[in-house]
Amino acid sequence: MCGIFGIANHKDAAKLTYLGLYALQHRGEESAGIVTRHCKKLLSYKGMGLVGDIFNKDVLKNLKGDIAVGHTRYSTTGSTTTKNIQPFYIKHKKENLTIAHNGNLINTAELHGQLEKNGAIFQTTMDSEIIAHLFTHSNEKNYKKLISNMLCQLQGAYSLVMLLNDVLIGARDPFGWRPLCIGKLNESYVLASETCALDLIQAEYIRDVEPGEIVFISKKGIECLKPPKEHKKSFCVFEYIYFSRPDSNIFGSNVYLTRKQLGRQLAKEHPVDCDLVMSIPDSGNYAAVGYAEALKKPCEVGMIRNHYVGRTFIQPSQFIRDFKVKVKLNPIKEVLKGKKIAVIEDSIVRGTTSRARIKALRDAGAKEIHMRVTCPPLKYPCFFGIDFPTKKELIASNQTIKEIAKHLGLDSLEYISLEGMLKSMKQPDNDFCTACFNGKYPVKLPKKLSKYILEK
Ligand code: MG
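Residues numbered from 1 in each chain as written. Predicted model: local features only at pLDDT ≥ 70, side-chain atom pairs only at ≥ 80, totals over all residues. Heavy atoms only, no water.

Engineer: Just checking my understanding: could you explain the overall build of the protein for this structure?
Structural biologist: A tally of regular secondary structure across the protein gives 18 helices and 23 strands. The C-alpha atoms of the protein give 22 Å as radius of gyration, which agrees with the globular expectation for 456 residues (23 Å, within 12%). Considered along the principal axes of its C-alpha atoms, the protein spans approximately 70 × 45 × 40 Å. The 456 residues of the protein split such that 58% are buried. Counting contacts in the protein only where the partners sit at least 6 residues apart, residues at least 24 apart contribute 68% of the total. When the accessible surface of the protein is split by element, carbon and sulfur atoms take 52% of a total near 19800 Å². (Helix = DSSP H or I, 4+ residues; strand = E, 2+ residues; numbered from the N terminus. Rg over C-alpha atoms; globule rule 2.2 N^0.38 Å. Buried < 20%, exposed > 50% of the residue type's maximum accessible area, 1.4 Å probe, protein only. Contact = heavy atoms within 4.5 Å. Areas by Shrake-Rupley, 256 points an atom, 1.4 Å probe, with all protein chains shown as cover.)

So this is what it looks like as structure tokens:
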């Protein structure tokens, strides 16, 4: 997962990109970077950590130019090193190309091999570097054709914001796994992963970059290269379940309202005769509102989040994850003592954090704890950008719902049905990728990846 942002024709391009990244921070906390173009040269600043800690006034002042690209990173492929911080940029002959990528490619091994055979030397383990090499290995003179040919060779998920000389480019893979939208701020065009980034800089939302579309933004305005024919869509349902910010609109509808509807649907499928409904903050909050509303039960805040702690899941090591659970959420004994509670959770991935949280609720005196989850059991790895790497790590791929309930220390556990989840979305059921729930991957996976699905 990652957040990407770009802006063209604005004197404060770097500052606005900084704000855009700030709004997209939830999409990746590992590192961030901004690249601008000034007097035909690229200027860049990158660092590990949070956007607010990496950049300061002087850094932003030095990032001159009226065009900028930014990235916040959550590493899925490629290891955690400073070399892998995006945007990735290259100078080749007289051209500059900058790439900010969200998603995961699945044919990287194949492309990597071909490119190396043709003399490419790789410096990082990022998908974006492969894209850069495809660019340098092309003889096409027309830059729009060049970009289009380059993207045709990629398989998997990509939403891209790129800068080719003085042209800002936005692109989405034909399946449209990851979101990307276009906004306008007076005379400037903006590209962003989510609309919450447009809201912050007061840019007007124009539309999404369509799956398979490439947009070129230059001084002349915006030109769009639409896909030649209708392609099967494959929006990532997990963007709605967990990943995107609730104040964003993605794939054509609002994330908060979708989560609330998931809560209502969950109440219909798996009601609990409880004293109160509560969520595991923050990701469960919005569905809990819908769940309680549907059952006409009080919705309480039974746990308080310490806002000075980062997202726990995002830290790569297990030790830090376990530790952070304890500092992040504190139950309110006075609300929970002796109560029968329905706890709404957006998803259970490994079960580690959930187990610790349930224990905390139990220690605070809750009498009965019934967990309801707004997505079906996660059983299969994602190869398109969500961090569910192996089957072994996904608790639902190895245990039944009853076993999971026992492991987590719950009185009962129920998940929304796949049909119910899809029904809660405004888009047609077929427009979503549901591979993490049912193993039905929308593309044929290369051999190297399919072995992960078979492993126990
Ligand atoms: Mg959560």
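Here the narrative resumes, following the displayed structure.
Engineer: Any chance you could explain unusual backbone geometry here in plain terms?
Structural biologist: Glycine aside, negative phi is the norm for most residues, and most peptide bonds take the trans geometry. Following Gln86, the chain continues to Pro87 via a peptide bond in cis, the omega torsion being 0°. For the bond running from Pro281 to Asp282, omega is -10°, close enough to zero to count as cis. Structurally, the position occupied by Asp282 is in the loop between β17 (276–279) and α10 (285–295). Residue Cys39 is not a glycine yet carries a positive backbone phi of 50°. Inspection of the secondary structure puts Cys39 in the loop between β2 (31–38) and β3 (41–48). Unusually for a residue other than glycine, Lys296 sits at a positive phi of about 55°. On the basis of relative accessible area, Lys296 is assigned to the exposed category, the value being 74%.

Engineer: Explanation requested: the sheet that holds β3 in the structure shown.
Structural biologist: Strand pairing in a sheet relies on backbone hydrogen bonds. The paired strands run either parallel or antiparallel. The strand order β3-β2-β4-β1-β10-β9-β11 describes an open sheet built from seven strands, whose pairing is antiparallel. With partners counted over all chains shown, the strands left at the sheet margins are β3 and β11 (204–208), one partner each. With direction set aside, neighbouring strand axes in the sheet form an average angle of 15°. Direction of pairing for strand β9 (residues 181–185) relative to β11: antiparallel, over a ladder of four bridges. Opposite Cys181, over in β11, you have Asp208 as the bridge partner. Against the sheet, helix α1 (residues 13–23) contacts β1 (2–8), β2, β4 (67–73) and β9, and its axis sits at roughly 25° relative to β4. (Pairing = 2+ DSSP bridges. Axes fitted to C-alpha atoms, helices over the stretch in contact; angles between N-to-C directions.)

Engineer: Can you help me understand the domain arrangement of the protein in this one?
Structural biologist: Many descriptions give the size of an interface as the accessible area lost when the pieces come together. Segmentation of the protein into domains returns domain 1 (3–231) and domain 2 (256–455). The C-alpha centroid of domain 2 is placed 32 Å from the C-alpha centroid of domain 1. (Domains from an automatic or database assignment.)

Engineer: Would you explain α10 in this entry?
Structural biologist: Two residues of an α-helix separated by three or four positions point the same way, owing to the 3.6 residues in each turn. Residues of α10 that are buried: Tyr286, Ala287, Ala288, Gly290, Tyr291 and Ala292. Taken together, the buried residues of α10 touch α9 (255–269), β17, β20 (340–345) and β21 (368–373).

Engineer: Explain the environment of Asp273 to me, please; I cannot follow it from the model alone.
Structural biologist: By secondary structure assignment, the location of Asp273 is in the loop between α9 and β17. Among the residues examined, Asp273 registers a relative accessible area of 59% and is labelled exposed. Sequence-wise, Asp273 and Lys83 are 190 residues apart; in three dimensions their C-alpha atoms are separated by 53 Å. Other than its neighbours up to four places away in sequence, Asp273 contacts Lys297 and Lys340. Here Lys297 takes part through its side chain, which lies 3.3 Å from a polar atom of the side chain of Asp273. (Polar contact = N/O pair within 3.5 Å; in protein donor to acceptor, adjacent residues only side chain to side chain.)

Engineer: Sorry, what's going on with the pairing of β2 here?
Structural biologist: Along any regular strand, the residues point their side chains to alternate faces of the sheet. Within β2, seven of the eight residues are buried, which leaves it mostly tucked inside the rest of the structure. As paired strands, β2 and β3 are joined by eight bridges and run antiparallel to one another. Among the inter-strand pairings, Arg37 is bridged to a residue of β3, identified as Leu42. Adjacent in sequence and paired antiparallel, β2 and β3 are bridged by two residues, among which Cys39 carries a positive phi angle near 50°.

Engineer: I keep staring at the environment of Val277 and nothing clicks. Help me out?
Structural biologist: Mapped onto the elements, Val277 comes out in strand β17. Along the backbone, Val277 and Ala292 are 15 residues apart, and their C-alpha atoms lie at a distance of 5.9 Å. In this structure, Val277 is in contact with Ala288, Tyr291, Ala292, Lys297, Pro298, Cys299, Glu300, Ala342 and Ile344, ignoring residues within four places of it in sequence.

Engineer: Any chance you could explain the sheet that holds β20 here in plain terms?
Structural biologist: Pairing is parallel in the open sheet, where four strands are placed in the order β17-β20-β21-β22. The sheet is open, and its two edges are formed by β17 and β22 (412–415), each paired on a single side. Each strand axis lies, on average, 20° off the axis of its neighbour in the sheet, ignoring direction. On the sheet, α10 packs against β17, β20 and β21 and is oriented at approximately 165° with respect to β17. This element, helix α13 (residues 352–363), spans β17, β20 and β21 of the sheet and lies at about 150° to β21.

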